[in-house]
Amino acid sequence: MARSAGVEQEIARLRRELERHEHLYYVLDRPEITDAEYDARMARLRELEAQHPELVTPDSPTQRVGGKPREGFVRVPHTSSMLSLDNAYNEGELADFDRRVRELTGLDQVDYVAELKLDGLSMAVHYQDGRLTRAITRGDGQVGEDVTDNARTIRSVPLHLPAAAPAGLVEARGEVILARSEFERVNHEREEQNLPQFANPRNAAAGALRVLEPRITASRRLLFYAYQWLLDGRSAGERHWDALQTLADLGFKVNPHRRLCPGLGGALEFIHEWEEKRHAQAYETDGVVIKVNELALQQRLGWTAKAPRWAIAYKYAAQQAVTTVLDIDVQVGRTGTLTPVAHLDPVQVGGVTVSRATLHNEDEIARLALEIGDQVLIERSGDVIPKVVRVEKPGAERRPFVMPSECPVCGTRVVRQPGEVAWRCVNTDCPARLKESILHFTARRVMNIDGLGDVMVNQLVDRGLVRSVSDLYSLTQEQLLPLDRMGDKLATKLLHNIDASRRASLDRILSGLGIPMVGERTAAILARHFGSLDRLMAASAEELERAEEVGPRVAESIHSFFAEPRNQDLIERLRKAGLQFEQEMKRAGGELDGMTFVLTGTLSGLSREEATERIEAAGGKVTGSVSKKTRYVVAGADAGSKLDKARQLGVEVIDEAELRRLLGP
Ligand code: IVH
C-alpha cells in the first residue's frame, strides 16, 4: 500500500502514547486512560503496521507478543557473575553480618538500604544502544538461559530506554514475580485443564518465564521489579539508593517499599514493620534484603565464592503449624472435578485460624503418603487456601483415604482420563456442578448478580427452580418468596439485579459461560476481537487463533464448547432471555462525552465498577489520578488524597447523588 506522509508520524505518535500509558499502567500503577482506550490505540497501530510492514520495528509496542515457539533455550553467559545472597534467620545473624561489615570497613556505622525480598526468580535484561537485546535467567550464576522472547511480553520490562540513558551495555537485574491473584487464576485455569497445580507463585512465575511458547508467558502477566543496574557488567553509580532511583528513571518498576537506614537499627525496624504488612501485599514477600549503600564500600567488602559480603537476605519464619487431619472429604467443582479437602483440627497460623487445607488431587495425597488421622505440617501464605507440606507423624489409628468411585453429590460414576490428574463426575447435570456454575455466572466480576450466595443457590437448585443458568431469567416473585431467608424486599431486589444483568457486556457473558480455559482476560479479548457471540461461535479454530493470546489449545477448547449441542441450547435460551450478544460499542454523543472522572472513597449505592461502566456508557471516561484535565472528582465516604489533590487543582468535586443526576435515568 502506498505510504502517505502522515502514516509514519501517526505510527510514531501512537508508539509514544502507548509506551507512556504502558509505563503509567504497568510500572507506576497509575493509569490515566481506560483499557478500552489503550486497546483502541493498540488496534490502530497494529492496523497501520499491517498495512506498512516495512515500518515495524522490534521495539514497537505491538511486538511484545508474537515470538515463535522454540525448540529449547540457548545458554548464554552473564556479563558478570549473578550470585545469590547469604541468609539470616534471626536478629543475631543480622548483628553478626553488621559486625563483619563494620570490621572489614573499619567504620563505626554503615549506611544500609533495606528492600523487600520478593519471592520470584532473578533475571538480567540487557540494552544495547537503548534497545532491549537480551534477557537471561540466573541459571548457575555464570551462565543462564536466554529468555528474551518471553521477557519481551512482560509489560514492566521496557523495550527501550529513554534517550538520556547512558551509552554502552546497560543492564538491569531484578526479580520476576507473579501476583497472588494471578497465581490463583493460573491454578484455577490449570485445574480446569486437569493439569497439576503450581505449589506457589514462585514456581508459577518460573514456569511462565521458562516456557517455550512466548504466548503463554504473555498470558501469565508476570511483573519484573529491578533492583540492580550495571554498565558494561559492573555495578553502576556511587550509591545503591541512587541506583534504585536511576532504574526508576530508566523506566523500570522499582519496589517503592525501600528505606535508607543509617546503621542496622533502621533496617531492623523496617523488618519488623513488614512482618505483618507483607501479607496484605498483592505479591509474596519472603524477607528483607539489606545492602551496603556505598558502592565503594561494596567493592572493598567483595564476595565469597557464593554471595556478596555486602548484602544479606533476612528470611521471615514460614507461616507453618502442625495439626491433625480429622477427615478428608471431596468437593465437586464447576467442571465436575473432584477435589479432596483435608478437615483439620483448627490451628492458629500467623494470627488466622485454619481448619481446612486443599489436597488438590489423588496423586498429591499419594505423594504426601497422607492418611486420615496423621499429623501434618501445614503452611499458609497470604489469602491462598492453606496447603499440606508433609506428614509429620503418622496417626496411631490412621486410615487411608479412598477416592469415591461415585460422585458424592449425584452418585454418578466418576472417571479419570488417561494422562489427567483429576477424577471427574461425568454427569453434566450434577447439582454440584450446576451450583458451582451458577455461583460462577453470578459472581461480581462476571454477571454481577448480587444476592445469590451459597444458601440461595442451594435452595434454587434443590427445589428444582433452576436447572440451568438461563432459568434465572424466568424466576418470579412467587417462586422466590417461599425460600428460606427470603422476603419481599430481597426478592424484588434479586429480580431487579437479575434483570439488570441482561445488559451485561459480551465479555462478561463469555466468562460466565465457563468455557474451559477462557477466563476473564481471554473473554475480553474474544469479545473485542469478534464483536458478537454469533461471530465467535461461527469461528473456526484457525480463526480463533488469530485473536491475541489464543493458542491452539484454547482455540480447540472454545471450538468444542460451541460444537456441543447442550451449550448451543444454553446460548439460545440466554438469547431468548434478552442477553446482549453484541459487544456494545461506545456511544458517541453521550451526555458525558469527553469528560474525565476520578472516583475516590466508597460510594454507597454504586460499586466502582458500576459507576465506571455507567460513566463510560454515557461517553465519559474514568482515570486513576486527578489532573487539570479531570472534569469531576466523585467523592464517596473516606475519600483520601485524591480529594486533596482536586482541591489543590481547583477541580470540581461532586458527590454520588450529583453523579447520578449527571448520568440520568
Ligand atoms: S539483590 C548480589 N534484592 O533473592 C545481589 N535480591 O536469596 C543479589 N531477591 O538471588 C540480589 N528480592 O533472586 C536482591 N530486593 C532484592 C531481592 C532479591 C528478591 C532474590 C534474588 C536473589 C535471592 C537471594
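Residues numbered from 1 in each chain as written. Predicted model: local features only at pLDDT ≥ 70, side-chain atom pairs only at ≥ 80, totals over all residues. Heavy atoms only, no water.

With respect to the site of the ligand
- The local shell around the ligand holds 16 residues, among which Glu-115, Lys-117, Arg-138, Glu-175 and Lys-291 are the closest.
- In the model, a nitrogen atom of the ligand is placed 3.2 Å from a nitrogen or oxygen of the Leu-118 main chain.
- Take Glu-175: an N or O atom from its side chain is 2.6 Å from an oxygen atom of the ligand.
- In isolation the ligand offers 530 Å² of accessible surface; the protein chains occlude 91% of this area.
- Only strand 3 (111-118) and strand 11 (285-292) provide two or more residues apiece to the shell around the ligand.
- A total of four residues in the shell around the ligand trace back to one element, the largest contributor, which is strand 3.
- The residue inventory of the shell around the ligand, partitioned by class, reads nine nonpolar, two polar and five charged. (Near = heavy atom within 4 Å. Polar contact = N/O pair within 3.5 Å; in protein donor to acceptor, adjacent residues only side chain to side chain. Areas by Shrake-Rupley, 256 points an atom, 1.4 Å probe, with all protein chains shown as cover. Helix = DSSP H or I, 4+ residues; strand = E, 2+ residues; numbered from the N terminus. Nonpolar A, V, L, I, M, F, W, Y, C, P; charged D, E, K, R; others polar.)

Observations regarding the packing of helix 20 (residues 552-563) against helix 21 (residues 565-576)
- The contact between helix 20 and helix 21 brings their axes to 5 Å, and the two run at 75°. Relative to helix 21, the element helix 20 lies roughly perpendicular. Where helix 20 abuts helix 21, its residues Phe-561, Phe-562 and Ala-563 lie against Pro-565, Asn-567, Gln-568 and Ile-571.
- The residue makeup of the contact of helix 20 with helix 21, split by class, is five nonpolar, two polar and no charged. (Axes fitted to C-alpha atoms, helices over the stretch in contact; angles between N-to-C directions. Parallel < 35°, antiparallel > 145°, perpendicular 65-115°, else oblique. Contact = heavy atoms within 4.5 Å.)

Digging into the pattern of salt bridges
- Considering all chains together, one arrives at 47 salt bridges under this definition.
- Among the ionic pairs, Asp-39 bridges to Arg-528, the shortest N-O distance being 2.5 Å. With Asp-39 in helix 2 (residues 35-51) and Arg-528 in helix 17 (residues 520-530), this residue pair connects regions lying 489 residues apart in the sequence.
- Judged by relative accessible area, which is 19%, Asp-39 ranks as buried. (Salt bridge = Lys/Arg side-chain N within 4 Å of Asp/Glu carboxyl O. Buried < 20%, exposed > 50% of the residue type's maximum accessible area, 1.4 Å probe, protein only.)

Side note on empty space enclosed by the protein
- Enumeration according to the criterion identifies one cavity of 30 Å³ or more in this entry.
- A volume near 40 Å³ is recorded for the largest cavity.
- By residue class, the composition of the lining of the largest cavity is three nonpolar, one polar and four charged. (1 Å grid on protein atoms, 1.4 Å probe; cavity = no way out; pocket = protein on both sides within 12 Å on 5 of 7 lines; lining within 4 Å. Points joined across faces, edges and corners; volume = space filled by probe spheres on them.)

Describing helix 12 (residues 431-442)
- With twelve residues, helix 12 extends 16 Å from end C-alpha to end C-alpha; this agrees with the ideal 16 Å at 1.5 Å per step.
- Among all positions in helix 12, only Ala-432, Arg-433, Leu-434, Lys-435, Ile-438, His-440, Phe-441 and Thr-442 are buried.
- Here the buried face of helix 12 lies against strand 13 (320-332), strand 19 (424-425), helix 13 (454-462), helix 16 (506-512) and helix 21. (Expected span 1.5 Å × (residues − 1).)

Topic: the side chain of Thr-105
- Tracing the backbone shows Thr-105 in helix 3 (residues 91-105).
- The exposure class of Thr-105 is buried, given its relative accessible area of 7%.
- Apart from the residues lying within four places of it in its own chain, the contact partners of Thr-105 are Val-110, Leu-297, Arg-300 and Leu-301.

Any functional reading would require information beyond the geometric quantities listed.
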